[in-house]
Number of protein chains: 2
Amino acid sequence: MARRLTAEQYTKGLLAGDRLVLSRAITLVESTLATDHALAQQVLGAVLPRTGRSVRIGITGVPGVGKSTFIEALGMYVVEQLGLRLAVLAIDPTSQRSGGSILGDKTRMQHLSAHANAYIRPSPAGRSLGGVARATREALLLCEAAGYDVIFVETVGVGQSETAVHGMVDFFLLLMLAGAGDELQGVKRGIMEMADAVVITKADSGNELAAKRARREYQGALHLFPLGSSGWAPVVRTCSALTGEGVPGVWEELQRYLEHARGNGYFERRRQEQNLQWLHHSIREALEERFYARPAVQQQLGAIREQVMRGEKSAFAAADELLDL
Amino acid sequence: MARRLTAEQYTKGLLAGDRLVLSRAITLVESTLATDHALAQQVLGAVLPRTGRSVRIGITGVPGVGKSTFIEALGMYVVEQLGLRLAVLAIDPTSQRSGGSILGDKTRMQHLSAHANAYIRPSPAGRSLGGVARATREALLLCEAAGYDVIFVETVGVGQSETAVHGMVDFFLLLMLAGAGDELQGVKRGIMEMADAVVITKADSGNELAAKRARREYQGALHLFPLGSSGWAPVVRTCSALTGEGVPGVWEELQRYLEHARGNGYFERRRQEQNLQWLHHSIREALEERFYARPAVQQQLGAIREQVMRGEKSAFAAADELLDL
């Protein structure tokens, strides 16, 4: 088998929903080779008219919150009860360190990963957040072209990647544990205000009352916070991935949200804005990448950063200096 | 009197605390002329060793929250009771529209603006947020060089400028009204999670109980939210600028914060990070400004944005196309 297919082969395979071709197309968009890049853009351009028809859901939560079991439970509900096709992607720039990825271990989602209507893809590894985010968004488009109705984008909830995920999904789900306080230390500040829904996980095994109390508290707290431009008031739900209780409720909230956001035009407007944001982010990243790769900049940057950090040189003067190199 | 002083005259005047020279130096950093820019950088470079010794406080809140009267009350406390020198700056990119500025109307702060130890400067007008933010941060450094102990940076709480202010201050104060709900519509989502302290204003004239209740509610809500990297738990206070009640309490919280943040090293680390952020923001803005000013880009951008928005062209392919022009 050839290492790469032709653009036509990729396109045909994708539109036919061929999982093997989908996997190879995602590998292509993840590649950092210039030749792969050109081919990937050709494929993406060809399938673009067939994208955009899925519901894109971001799911985040710190390690220990039960993210995998939640995704397995909600995912099985989507493929089994609703009969929809589901793709699960991930963004985890930290996986560079371990060389693995948050979705690498498929045993984490035993039933889902074995299901014919589910496609699970780990986070691309070994690249910057920008690169990982870009590859994941392109993979999302490829999954849509391959006919997946629902896309989950998983992230770890402790870093910068949540903003990137928020910029590529329609609905953002934050998983939390009952027992407000300590477990919050891991959640990055600012994530809470991105959430369209908060799900209190592990509402089982004697933990039901604590989960209910947490739900009430968070719901009260969220009411005090300003609405986003969608006009949607974030909701809080409890859920047990173990017993399945609350799983359909999470899906109902998503449906309520979609009705709301499609009704007031926000859904379509948001997707258009996201497209534009990706355009300008891509330009920005390319400009910065080129700038910081200049030999003269690389040579001076370290010393200048030191001077700026210590307050010996003003940030603006230093910027001028580097730009004039 | 010459339109511009020499670099040495600016420097000497600033270090001597000359208010007139300070005003003219701020006009210089606000200028968009290339010759002024070079002179401004020379002056800033000369006074830089004398900056950094003030406490920098961001103050935000939507129109109607009583921001001016609060700043007048807290400001008078600072200059009268504490005997410190105070400078009040503003960031308001929207003032482009009105041609005025949020601090333009000095009658708003009658006592403070007449006080020998207070210096009030309106927002620079007629420029982009980036330009306004940059000018304000440079003005802040000039005020420090001129010996001001405390700097307030005021912003309107409804736009993008809060992030810029957050990036130049040590402590971020959000003003809110009692009666959670409707008035929140004006506050931009995400601002709440930047706040180191929330102050419920207008806790007077029969509004005291509502203010107390709001304080309790917000304090409860904030406890549910993750701490920032400072490890500081945001506090909520009530305050009446009319009676003066609660004004010293706000100052006490600031002192508690400074003790906390200096104690764990966050204060110094944050300032260094802010310096670096300004360096990289400045570079980014300059790169983008140059890119979008290219005639070929200007010519194509509109049509390409349309295609991307409508999903006819992928954001990444479009970015490549523009970058290749």
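In short, a report on the structure.

Quick notes on the rules
Residues numbered from 1 in each chain as written. Chains lettered and ligands numbered in written order. Predicted model: local features only at pLDDT ≥ 70, side-chain atom pairs only at ≥ 80, totals over all residues. Heavy atoms only, no water. Helix = DSSP H or I, 4+ residues; strand = E, 2+ residues; numbered from the N terminus. Buried < 20%, exposed > 50% of the residue type's maximum accessible area, 1.4 Å probe, protein only. Least-squares fit on C-alpha atoms with pLDDT ≥ 70 in both. Contact = heavy atoms within 4.5 Å. Pairing = 2+ DSSP bridges. Right-handed = clockwise from strand over helix to strand, strands pointing away. Phe/Tyr/Trp six-rings, centres within 6.5 Å; stacked < 30°, edge-to-face > 60°. Axes fitted to C-alpha atoms, helices over the stretch in contact; angles between N-to-C directions. Expected span 1.5 Å × (residues − 1). Arc of directions from axis to C-beta. Salt bridge = Lys/Arg side-chain N within 4 Å of Asp/Glu carboxyl O. Polar contact = N/O pair within 3.5 Å; in protein donor to acceptor, adjacent residues only side chain to side chain.

## Comments concerning unusual backbone geometry
Generally, phi is negative for residues other than glycine and the peptide bonds are trans, each holding for most cases. Residues and elements named next belong to chain A. Despite not being glycine, lysine 202 has its phi angle at roughly 55 degrees, a positive value. Within the secondary structure, lysine 202 sits in the loop between strand E6 (197-201) and helix H9 (208-223). Take lysine 202: its relative accessible area is 38%, and that puts it in the partly exposed class. Even without a glycine there, the phi angle at serine 205 is positive, about 50 degrees. Tracing the backbone shows serine 205 in the loop between E6 and H9.

## Digging into the relation of the copies chain A and chain B
Of the transformation placing chain A onto chain B, the axial shift is 0.0 Å and the rotation is 180 degrees, giving an RMSD of 0.1 Å. Look at the turn and shift together and you get a two-fold axis relating the two. Considering only C-alpha atoms, the residue of chain A closest to the rotation axis is A:Ala221, which sits at 2.2 Å. Most of the interface of chain A is mirrored in chain B, where 100% of its interface residues are also at the interface.

## Considerations on the pairing of strand E7 (residues 235-238) of chain A
All names here are of chain A. Sheet analysis places E6 next to E7, joined by 4 bridges and oriented parallel. Across the sheet, residue valine 198 finds its bridge partner in E7, namely valine 236. With H9 bridging E6 and its parallel neighbour E7, the resulting β-α-β unit is right-handed.

## Topic: the packing of aromatic side chains
For the structure shown, the criterion picks out 10 aromatic pairs over all chains. Between A:Tyr119 and A:Tyr148, the ring centres sit 6.0 Å apart and the planes meet at 40 degrees, which makes this aromatic pair tilted. With a gap of 29 residues between them, A:Tyr119 in strand E3 (residues 118-120) and A:Tyr148 in the loop between helix H7 (129-145) and strand E4 (150-155) connect regions that are remote in the sequence. By relative accessible area, which is 3% here, A:Tyr148 ends up buried. Where B:Phe291 meets B:Tyr292, the ring centres are 5.1 Å apart and the plane angle is 80 degrees; that geometry is what we call edge-to-face. B:Tyr292 shares its class with B:Phe291; the two are buried. Through a chain of ring-to-ring contacts, three or more aromatic side chains come together here, namely A:Phe171, A:Trp232 and A:Tyr257.

## Comments concerning the sheet that holds strand E2 (residues 86-91) of chain A
All names here are of chain A. If you trace the 7 strands from one edge of the open sheet to the other, you get E3-E2-E4-E1-E5-E6-E7, paired in parallel fashion. The sheet terminates laterally at E3 and E7, the two strands that pair on one side only. Averaged over all neighbouring strand pairs, the angle between strand axes comes to 20 degrees, with direction disregarded. Two strands pair when backbone bridges link them, and strand E1 (residues 55-60) and strand E5 (residues 171-177) are joined in this way by 4 bridges, in the parallel orientation. In the sheet register, glycine 58 faces E5, and the bridge partner there is phenylalanine 172. Of the strands in this sheet, E1, E2, E3 and E4 are in contact with H7, which crosses E2 at around 175 degrees.

## Side note on the environment of B:Glu8
All names here are of chain B. Relative to the elements of secondary structure, glutamate 8 occurs in helix H1 (residues 7-15). Among the residues examined, glutamate 8 registers a relative accessible area of 56% and is labelled exposed. Taking the C-alpha atoms as reference points, glutamate 8 and glutamate 162, separated by 154 residues in sequence, lie 34 Å from one another.

## Section: helix H9 (residues 208-223) of chain B
Relative to the 22 Å expected for 16 residues at 1.5 Å per residue, H9(B) spans 23 Å between its end C-alpha atoms, a close match to the ideal helical length. Three or more residues of H9(B) are buried, namely B:Ala211, B:Ala214, B:Tyr218, B:Gln219, B:Ala221 and B:Leu222. In a view along the axis of H9(B), the buried residues occupy a sector of 160 degrees, so they form one face of it. Across from the buried face of H9(B), at angles greater than 90 degrees, the exposed residues are B:Leu209, B:Lys212, B:Arg216 and B:His223. Tucked into the core, H9(B) has its buried residues touching H9 of chain A together with strand E5 (171-177), strand E6 (197-201) and strand E7 (235-238) of chain B.

## Considering the pairing of E4(A)
All names here are of chain A. Counting buried positions over the 6 residues of E4 gives 6, a clear majority of the element. The alternating pattern of E4 places Val150, Phe152 and Glu154 on one face and Ile151, Val153 and Thr155 on the opposite face, and all of these are buried. Here 6 bridges tie E1 to E4, and the two strands are oriented parallel to one another. Directly across from valine 55, in E4, lies its bridge partner valine 150. Bridge count between E2 and E4: 6 bridges; the pairing is parallel.

## A look at the sheet that holds E6(B)
Strand pairing in a sheet is mediated by backbone hydrogen bonds. Such pairs are either parallel or antiparallel. Residue and element names in this part refer to chain B. Strands sit in the order E3-E2-E4-E1-E5-E6-E7 across an open sheet of 7 strands; the sheet is parallel. Looking at the sheet topology across the chains shown, the edges are occupied by strand E3 (118-120) and E7. When strand polarity is set aside, the average angle formed by the axes of neighbouring strands in this sheet is 20 degrees. Taken strand by strand, helix H7 (residues 129-145) contacts strand E1 (55-60), strand E2 (86-91), E3 and strand E4 (150-155), and its axis lies near 175 degrees from that of E2. Docked against the sheet, H9 engages E5, E6 and E7, running at close to 175 degrees with respect to E7.

## Observations concerning the interface of chain A and chain B
Chain A puts 60 residues into the contact, and the matching count from chain B is 60 residues. Between chain A and chain B we count 2 salt bridges in total. Across the pair B:Arg284 and A:Glu288 runs a salt bridge whose closest N-O atoms are separated by 2.8 Å. Our enumeration of links across chain A and chain B arrives at 15 residue pairs in polar contact (both at pLDDT 80 or more). Sorting the residues of the side of chain A that touches chain B by element identifies helix H3 (34-47), H7, H9, helix H11 (266-293), helix H12 (295-309) and helix H13 (315-324) of chain A as the ones contributing at least two each.

## A closer look at the pattern of salt bridges
Summed over the entire model, instances satisfying the criterion amount to 22 salt bridges over all chains. Here B:Glu144 makes a salt bridge to B:Arg56, at a shortest N to O gap of 2.7 Å. One end of the pair, B:Glu144, is in helix H7; the other, B:Arg56, is in strand E1, and 88 residues separate them in sequence. Residues B:Glu144 and B:Arg56 agree in their burial class; the two are buried. Two residues, B:Glu312 and B:Arg310, come together in a salt bridge whose shortest N-O distance is 2.7 Å. Classification of B:Arg310 by relative accessible area gives partly exposed; the value is 49%. Within the structure, one salt-bridge network assembled from shared partners comprises A:Arg237, A:Glu253 and A:Arg256.

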